[in-house]
Amino acid sequence: MHRTIRAAVCSVAVLGLAFGLSSCSEAVDQVDKAVDETYEVTYEVTGKNVDSIEFHGGGGKATDPKIESVSKPELPWKKTVKLRGIMPAAVMPVAADPEGAQVACKITYKGKVLEEQSAKGMVTAGGCIAESPVTG
C-alpha cells in the first residue's frame, strides 16, 4: 500500500515539475521577446532658455542606456527614437536663467502620452521617464 502511495506522489511531483518547467520556459520566452522587441517614442521639449537636453537615444544596454545630448536646442524640440526591449524612454531638459527658465517635456508612443512634466524657476531640470511599453 505504501508503495502505491509513494508511486502516486512521485508521479504527481514529476508532473508538477514538468508543468513548472513549462511555465518557466514560457516566462523565459516572454523575457527574450521583450528584450529583443523594439519600439519608437517621440520626445518633445518646449519652454524657454533651455540649455541642454539629454535623452535615451537607443544605444547601450537596456539596463545601461547610452545618453545622447543636445546643447542649446532650438525650441520646440522634437525627436523620434527607436528603443529596445525593457529600456525606458527618458528625456531631461535643463535650463538655468536668473530671469526664470521654463521647461516642459512629453514622451509619446503610438499617439499616446506616456509621460509629461513641466517645471520653472531660476535653475530648472524637468524630466520625463516612462516605462517601456514592451514590458506592459
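In what follows, the structure referred to is the one given above.
The model shown is predicted, which means the values in this text are computed figures rather than measured ones.

**Q** Hey, could you go over the environment of Ser71 for me, with residue numbers and the actual values?
**A** Within the fold, Ser71 resides in strand 3 (residues 64-71). Accessibility expressed as a relative area gives 59% for Ser71, which makes it exposed. When the C-alpha atoms of Ser71 and Val50 are compared, they prove to be 8.7 Å apart, with 21 residues separating the residues in sequence. In contact with Ser71, other than residues within four places in its own chain, are Asp51 and Ser52.

**Q** Describe the state of the cysteines, naming the residues involved and giving the relevant values.
**A** Summed over the entire model, instances satisfying the criterion amount to one disulfide. Two residues share a disulfide in this structure: Cys105 and Cys128, whose sulfurs sit 2.0 Å from each other. In this structure the cystine formed by Cys105 and Cys128 twists about its S-S bond by roughly 95°; its chirality is therefore right-handed. Here Cys105, found in strand 5 (residues 89-109), pairs with Cys128, found in strand 7 (residues 128-130); they are 23 residues apart in sequence, far enough to count as distant. The class of Cys105 is buried, set by a relative accessible area of 2%. On the accessibility criterion, Cys128 (0% relative accessible area) is buried.

**Q** Tell me about the nonpolar core, and name the residues and values.
**A** One broad trend across soluble globular proteins is that nonpolar side chains are buried collectively. With 23 residues, the main nonpolar core has Val41, Tyr43, Leu83, Ala89, Val91 and Ile107 as its most contacted residues. Elements supplying a minimum of two residues to this core: strand 1 (38-48), strand 2 (50-61), strand 4 (77-84), strand 5 and strand 7. A total of eight residues in this core trace back to one element, the largest contributor, which is strand 5. With residues near it in sequence (within four places) discarded, Tyr43 still touches Phe55, His56, Trp77, Lys78, Lys79, Val81, Leu83, Ala89, Ala90, Val91, Lys106 and Ile107.

**Q** Could you give an account of the side chain of Asp97, with specific residues and numbers?
**A** Inspection of the secondary structure assignment puts Asp97 in strand 5. We note that Asp97 is buried and unpaired, the nearest opposite charge coming from Lys48 at a distance of 6.6 Å. Separated by 2.8 Å, the side chain of Asp97 and the backbone nitrogen of Glu99 make a polar contact.

The rules behind the values
- Residues numbered from 1 in each chain as written.
- Predicted model: local features only at pLDDT ≥ 70, side-chain atom pairs only at ≥ 80, totals over all residues.
- Heavy atoms only, no water.
- Helix = DSSP H or I, 4+ residues; strand = E, 2+ residues; numbered from the N terminus.
- Buried < 20%, exposed > 50% of the residue type's maximum accessible area, 1.4 Å probe, protein only.
- Contact = heavy atoms within 4.5 Å.
- Disulfide = S-S within 2.5 Å.
- Core = buried A, V, L, I, M, F, W, Y, C linked by side-chain atoms within 4.5 Å.
- Lys, Arg positive; Asp, Glu negative; His and termini not counted.
- Salt bridge = Lys/Arg side-chain N within 4 Å of Asp/Glu carboxyl O.
- Polar contact = N/O pair within 3.5 Å; in protein donor to acceptor, adjacent residues only side chain to side chain.

Without other data, these values stay purely geometric and don't point to any function.
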